[in-house]
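# Per-entry structural report
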Amino acid sequence: MNNYLEELKKTYENAFDVKYRDIETPLGKATLIFIDVLCSSAFISEYIVAPLTSKNYSIKNVDDILTKVITMNLAGNVKDMKDANEHILMGDVVIVFEKSDTMIYCETKSFVRRGVGIPLTESVVKGPREGFAEAFVDNVALIRRRVRNVNLKLEPLILGKESNTSVCIAYLKGIAPDNLVQQVKDKIQQSNYNFLLDTNYIESTLTEKRSLFDTIGYSEKPDEISAKIMEGRVAIIVDGTPFVVTVPYFFVENFQTPDDYYLNKYFANFTRILRWSAFFIAMFLPALYVAFITYHFGMIPTMFIFRMAVARAGVPFPTFVEIILMMLFFQLIKEAGLRLPQPIGSSMSIVSALILGEAAVGAGLASRVTILIVAISTLSYFLIPKTYGAISLWSIILVIVASLFGIPGFIIGSMILISHLGSLQSCGYSFLFPLGSIKRYGFRDVILRGNLEDISKNVIKDEEE
């Protein structure tokens, strides 16, 4: 028996889905090794077994089989045992010849995959409805179909010592800065994961500083990723996940949605202003409310003070505790709505919020004004979902500081937040651009959306000062 065949059988000794098919060829006995659940049995029978067992060919060596017998699109020689294992695990057939030390592989991938569907996390009113799926090759095809450019580079990598996950770095040569591409490659190749199952592993590798704010972009919409690639960014595709990572990523992009580029420019800018307003409301409103009620109630109109005093009559907790309790209750409702099955999650969230609010007021745990403040704050950060984690925790930090020191504490906490944002970078680019950088980039889509003609000329590349 061929030594390669013995070693492969030993490697996959207890794997029930690994199949072996012995056939007689003009070169003698050959064994096909493949994983049944990853390959097409019909394809193997028609394009491998049938031609190899045919007597119609004049075959002298293994190279003749590749050139005369195998008519598949992708087939070739196997370099060594490691290469053979990689091909088998990726869904290829490896052919071992009893009287030859040469192995060949044939691509026969055909595994269960989810079709291209509507992205659940980035719905649009107008525009493409396609979303990435878990299949690596499908995601690459969705990008290729939109970026029809010979300079589009798709460089493959295998990461994860145990998982051997396929990863692809996508960028436009000549548009993406060379130092950015090299930096991304170096960091990813230096990662030391035993297994890599999602894009979050890549995000952790590329993140330069710990923060609640995401400094690495991601999306499950092919049109959005394609646009970023054409701007000069680098995209990283990971097999097994419908999200694609992009770098660099700027803070202002949290307020941009795919709808902005498919709807009327003036309405798109109006909704962007709403999102910016929602960010400030969600981040600062609870802390300001605590500061005013606790230390600076003289700054509140007299009539409103009387109404608030009546509303808070009978509430046993200070305003700080009241706000924190309500914010935690709303977080519980939000998490429950996310984790429950989709048909009942949204209904449960609405009902729970209504019942919770009425019950809290009736039990004297909170005033109606406090519930209104927390509800407005919670609704506001739903407008910018990519920052809701950071806003949730930073708003609590600001509430704590404001409860201790009033408006001065609120100002100090806000300055710490802004300083933290200003210190963040995304693969060498200032995260707070254009506010946090003295450099100029050809990236023109910043606070408000401009004309699409100008946006199409966006380039994430340093310009001459």
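Sequence order sets the numbering: in each chain, residues are counted from 1 along the sequence as written. For this predicted model, a pLDDT threshold of at least 70 governs which residues receive local features, and a threshold of 80 or more governs which side-chain atom pairs are given and counted, while totals over whole chains, interfaces and linings are taken from all residues. As a rule here, side-chain values cover all heavy atoms of the structure and leave hydrogens and water aside.

## Re the overall build of the chain
- Here a strand is any run of E in DSSP of at least two residues, a helix any run of H or I of at least four, and the numbering for each starts at the N terminus. Counting its secondary structure elements, the chain contains 15 helices and 14 strands.
- In the chain, once contacts between residues fewer than 6 apart in sequence are set aside, the share between residues at least 24 apart is 65%. The criterion used for residue contact is that any of the two residues' heavy atoms lie within 4.5 Å.

## Brief notes about the nonpolar core
- For this analysis, a nonpolar core means a set of buried residues of the types Ala, Val, Leu, Ile, Met, Phe, Trp, Tyr and Cys, connected via side-chain atoms within 4.5 Å. The buried label goes to any residue with under 20% of its type's maximum accessible area, the exposed label to any with over 50%, and the partly exposed label to all in between, with areas taken from a 1.4 Å probe on protein chains only. Phe-213 and Ile-236 are the most contacted members of the largest nonpolar core, which totals 67 residues.
- With eleven residues, helix α14 (residues 388-423) is the single largest residue contributor to this core.
- Once you skip the residues sitting within four places of it in the chain, Ile-236 turns out to touch Val-167, Cys-168, Val-184, Ile-188, Ile-202, Leu-206, Val-244, Val-245 and Val-247.

## Remarks on the sheet that holds strand β7 (residues 165-172)
- We treat two strands as partners when DSSP finds at least two bridges between them. The five strands are arranged β6-β7-β9-β10-β8 in an open sheet whose pairing can be described as antiparallel. Each having just a single partner strand, β6 (152-159) and β8 (217-219) make up the two edges of the open sheet. The mean angle between the axes of side-by-side strands here comes to 25°, regardless of whether they run parallel or antiparallel.
- Across four bridges, β7 lies against strand β9 (residues 234-238) in antiparallel orientation. Paired with Val-167 across the two strands is Val-238, which belongs to β9.
- With respect to the sheet, helix α6 (residues 178-190) is in contact with β6, β7, β9 and β10 (244-247), its orientation differing from that of β9 by roughly 30°. In this analysis an axis means a line fitted to C-alpha atoms, helices contributing only their contacting stretch, and an angle means the value between N-to-C directions, from 0 to 180 degrees.

## Considerations on the packing of aromatic side chains
- When the centres of two rings from Phe, Tyr and Trp lie within 6.5 Å, Trp using its six-membered ring, the rings pair. Their planes under 30 degrees apart give stacked, over 60 give edge-to-face, and anything left gives tilted. For the structure shown, the criterion picks out 17 aromatic pairs.
- On the numbers, 6.4 Å between centres and 35° between planes, the contact of Phe-267 with Phe-270 is tilted. Here Phe-270 and Phe-267 lie together in helix α9 (residues 265-294), a separation of three residues that amounts to about one turn.
- Overall, Phe-267 belongs to the partly exposed group, its relative accessible area being 45%.
- When its relative accessible area of 47% is taken as the criterion, Phe-270 is described as partly exposed.
- Summarising the aromatic geometry, the rings of Phe-280 and Phe-284 are spaced 6.0 Å apart at their centres and angled 25° between planes, so their arrangement reads as stacked. Placement of the pair is Phe-280 and Phe-284 together in helix α9, with a separation of four residues, close to one helical turn.
- Taken together, the aromatic side chains of Phe-213, Phe-251, Phe-255, Trp-276, Phe-279, Phe-280, Phe-284, Phe-410 and Phe-431 make up a single cluster linked through ring pairs.
- Remark: a charge is flagged as sitting over a ring if the NZ atom of Lys or the CZ atom of Arg is within 6 Å of the ring centre and within 35 degrees of the ring normal. Of note, Lys-9 hangs over the ring of Tyr-20, and the distance from its end group to the ring centre comes to 5.3 Å.
- Its guanidinium or amino end placed over the ring of Tyr-218, Lys-386 lies 5.1 Å from that ring's centre, counting from NZ or CZ.

## Things to note about unusual backbone geometry
- Across the junction of Val-247 and Pro-248, the peptide omega takes the value -5°, indicating a cis bond.
- Mapped onto the elements, Pro-248 comes out in the loop between β10 and α9.
- With a phi angle near 50°, Asn-164 is a residue other than glycine that sits in the positive phi range.
- Position of Asn-164 relative to the elements: it lies in the loop between β6 and β7.
- Overall, Asn-164 belongs to the partly exposed group, its relative accessible area being 36%.
- Unlike most non-glycine residues, Cys-427 shows phi in positive territory, near 55°.
- Tracing the backbone shows Cys-427 in the loop between β11 (425-426) and β12 (429-430).

## So, the pattern of salt bridges
- Here, a salt bridge means any side-chain nitrogen of Lys or Arg that lies within 4 Å of a carboxyl oxygen of Asp or Glu. According to the stated counting rule, one finds 13 salt bridges in the structure shown.
- In this structure, the salt-bridge partner of Lys-109 is Asp-92, at a minimum N-O distance of 3.1 Å. Here the residue Lys-109 occupies a position in the loop between β5 (103-107) and α5 (136-146), and Asp-92 occupies one in strand β4 (residues 92-97), the gap between them amounting to 17 residues.
- By relative accessible area, Lys-109 is classed as partly exposed at 30%.
- We classify Asp-92 as buried; its relative accessible area is 2%.
- One salt bridge in this structure joins Arg-145 and Glu-130, with 2.6 Å as the shortest N-O distance. Placement of the pair is Arg-145 in helix α5 and Glu-130 in the loop between β5 and α5, with a sequence separation of 15 residues.
- Note on Arg-145: relative accessible area 42%, which makes it partly exposed.
- Since its relative accessible area comes to 24%, Glu-130 is described here as partly exposed.
- One network of salt bridges, in which partners are shared, links Lys-228, Glu-231, Arg-233 and Glu-253.

## Digging into the side chain of Glu-203
- Looking at where Glu-203 falls in the secondary structure, it is placed in helix α7 (residues 199-206).
- For the buried Glu-203, no salt bridge exists, and the shortest N-O distance to an oppositely charged side chain is 9.5 Å, to Lys-386.
- Apart from residues no more than four positions distant in its own chain, Glu-203 is found in contact with Ile-216, Tyr-218 and Val-245. Here Asp and Glu are counted as negative and Lys and Arg as positive; His is not counted, and neither are the chain ends.

## Re the pairing of β7
- With eight of eight residues buried, β7 lies mostly within the body of the structure.
- Residues Thr-165, Val-167, Ile-169 and Tyr-171 point to one face of β7 and Ser-166, Cys-168, Ala-170 and Leu-172 to the other, with burial holding for every one of them.
- Between β6 and β7, which pair antiparallel in sequence order, lie five residues; one of them, Gly-160, sits at a positive phi of approximately 95°.

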